[in-house]
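# Results of the structural survey
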Amino acid sequence: NAGVTQTPKFQVLKTGQSMTLQCAQDMNHEYMSWYRQDPGMGLRLIHYSVGAGITDQGEVPNGYNVSRSTTEDFPLRLLSAAPSQTSVYFCASSYWTGPVSGANVLTFGAGSRLTVL
Amino acid sequence: AQTVTQSQPEMSVQEAETVTLSCTYDTSESDYYLFWYKQPPSRQMILVIRQEAYKQQNATENRFSVNFQKAAKSFSLKISDSQLGDAAMYFCAYRSSGGADGLTFGKGTHLIIQP
């Protein structure tokens, strides 16, 4: 099993450019999410999805878009990159079992380091 | 909103000794889950241990154990017989019972193992 696969691992952008961070999982997890990690901080939730066609905002959604057309994929789009979006991005997934889904352990990807100049 | 606080930015321990990492949290919920994740220099997030709030018994995974004090909202991690491979950032995290809003993380504790 590949688990959660993120691409690219590293990316450098110029201010104003757009790009998409890819996330794919092969565990048939309904729940997928994106986090960002900044120096000296824990991970913070950007967006999440509990199934195909369903997405919602997390703690820090501004500047990011997501969509979920399949169970396997959950891409994160930066429409106009800003230096404040320089960070390490993690995708994570888990099973979704309704009201007690908090018990399900999140599996993380290896992270994508993004630098915006 | 829930908050998670790790008051020790950095801890150092001699190899083979025991170290305890502190974590406190704030929530108004009665049912939730707590986690410790390890992040080595490779940056991969690795689950160390999980605790269900409704269980009084403290979770244990080999050399790793927790001291869960629900009334005090405290969730510390004890690492016994520390090994060089334990050196990493350790993050305490909270997840509500519903789970949709994912994990709320503390800022982390950098654990150094002295040989």
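Residues numbered from 1 in each chain as written. Chains lettered and ligands numbered in written order. Predicted model: local features only at pLDDT ≥ 70, side-chain atom pairs only at ≥ 80, totals over all residues. Heavy atoms only, no water.

## Some details on the interface of chain A and chain B
Listed per partner, the contact involves 30 residues of chain A and 22 residues of chain B. For the pair chain A and chain B, the summed buried area comes to about 1,900 Å², and 53% of that belongs to carbon and sulfur atoms. At the boundary of chain A and chain B, one finds zero salt bridges. Summed over the shared surface of chain A and chain B, the number is nine residue pairs in polar contact (both at pLDDT 80 or more). At the level of elements, strand S4 (31–37), strand S5 (43–51), strand S9 (87–94) and strand S11 (112–116) of chain A are the ones that each hand at least two residues to the side of chain A that touches chain B. (Contact = heavy atoms within 4.5 Å. Buried area = accessible area lost by both parts, 1.4 Å probe. Salt bridge = Lys/Arg side-chain N within 4 Å of Asp/Glu carboxyl O. Polar contact = N/O pair within 3.5 Å; in protein donor to acceptor, adjacent residues only side chain to side chain. Helix = DSSP H or I, 4+ residues; strand = E, 2+ residues; numbered from the N terminus.)

## Section: the pairing of strand S6 (residues 54–57) of chain A
Residues and elements named next belong to chain A. With three bridges connecting them, S5 and S6 associate as antiparallel partners. Residue pairing across strands places Tyr 48 opposite Asp 56, the latter belonging to S6. Counted along the chain from S5 to the antiparallel partner S6, the turn is two residues long, and its residue Gly 53 has a positive phi close to 85°. (Pairing = 2+ DSSP bridges.)

## What about the state of the cysteines?
Residue and element names in this part refer to chain A. Scanning all chains against the criterion turns up two disulfides over all chains. Put simply, Cys 23 and Cys 91 are joined by a disulfide, and their sulfur atoms are 1.9 Å apart. On the sign convention where negative is left-handed, the bridge of Cys 23 and Cys 91, at about -75° about the S-S bond, is left-handed. Of this pair, Cys 23 sits in strand S3 (residues 19–25) while Cys 91 sits in strand S9, and the two are 68 residues apart along the sequence. (Disulfide = S-S within 2.5 Å.)

## A closer look at the sheet that holds S3(A)
Residues and elements named next belong to chain A. What the four strands build is an open sheet, ordered S1-S3-S8-S7; its pairing is antiparallel. Edge positions in the sheet fall to strand S1 (4–7) and strand S7 (64–66), since each has one partner strand and no second. Neighbouring strand axes in the sheet, compared pairwise and without regard to direction, differ in orientation by 20° on average. Judged from the four bridges that link them, S1 and S3 form a sheet pairing that is antiparallel. Its bridge partner being in S3, Val 4 is matched across the sheet by Gln 25. (Axes fitted to C-alpha atoms, helices over the stretch in contact; angles between N-to-C directions.)

## Observations concerning the packing of aromatic side chains
Applying the stated criterion across every chain yields a total of 16 aromatic pairs over all chains. Judged by centre distance (6.4 Å) and plane angle (80°), the rings of A:Phe90 and A:Phe108 are edge-to-face. Here the residue A:Phe90 occupies a position in strand S9, and A:Phe108 occupies one in strand S10 (residues 107–108), the gap between them amounting to 18 residues. Considered together, A:Phe90 and A:Phe108 belong to a single accessibility category, that of buried residues. Taking the centre distance of 6.2 Å and the plane angle of 40° together, the rings of B:Tyr25 and B:Tyr94 count as tilted. Of this pair, B:Tyr25 sits in strand S4 (residues 24–26) while B:Tyr94 sits in strand S10 (residues 88–96), and the two are 69 residues apart along the sequence. For B:Tyr25, a relative accessible area of 5% gives the class buried. Its relative accessible area of 1% is what places B:Tyr94 among the buried residues. Cluster of aromatic residues (ring-pair linked, three or more members): A:Tyr35, A:Phe90, A:Phe108, B:Phe35, B:Tyr37, B:Phe91 and B:Phe105. In this arrangement the basic side chain of A:Arg68 is found over the ring face of A:Phe74, its NZ or CZ atom lying 6.0 Å from the centre. (Phe/Tyr/Trp six-rings, centres within 6.5 Å; stacked < 30°, edge-to-face > 60°. Buried < 20%, exposed > 50% of the residue type's maximum accessible area, 1.4 Å probe, protein only. Lys NZ or Arg CZ within 6 Å of the ring centre and 35° of its normal.)

## Quick look at the nonpolar core
Residue and element names in this part refer to chain B. One finds Tyr 25, Trp 36, Phe 75, Leu 77, Tyr 90 and Leu 111 to be the most contacted residues of the largest nonpolar core, which totals 25 residues. Taken together, the elements giving at least two residues each to this core come down to strand S3 (19–21), strand S5 (32–39), strand S6 (46–52), strand S8 (64–69), strand S9 (74–79), S10 and strand S12 (109–114). Per-element tally for this core: the top contributor is S10, with four residues. Excluding residues that lie within four positions of it along the chain, Tyr 25 makes contacts with Thr 3, Val 4, Tyr 32, Leu 34, Phe 68, Gln 69, Lys 70, Lys 73, Ser 74, Phe 75 and Tyr 94. (Core = buried A, V, L, I, M, F, W, Y, C linked by side-chain atoms within 4.5 Å.)

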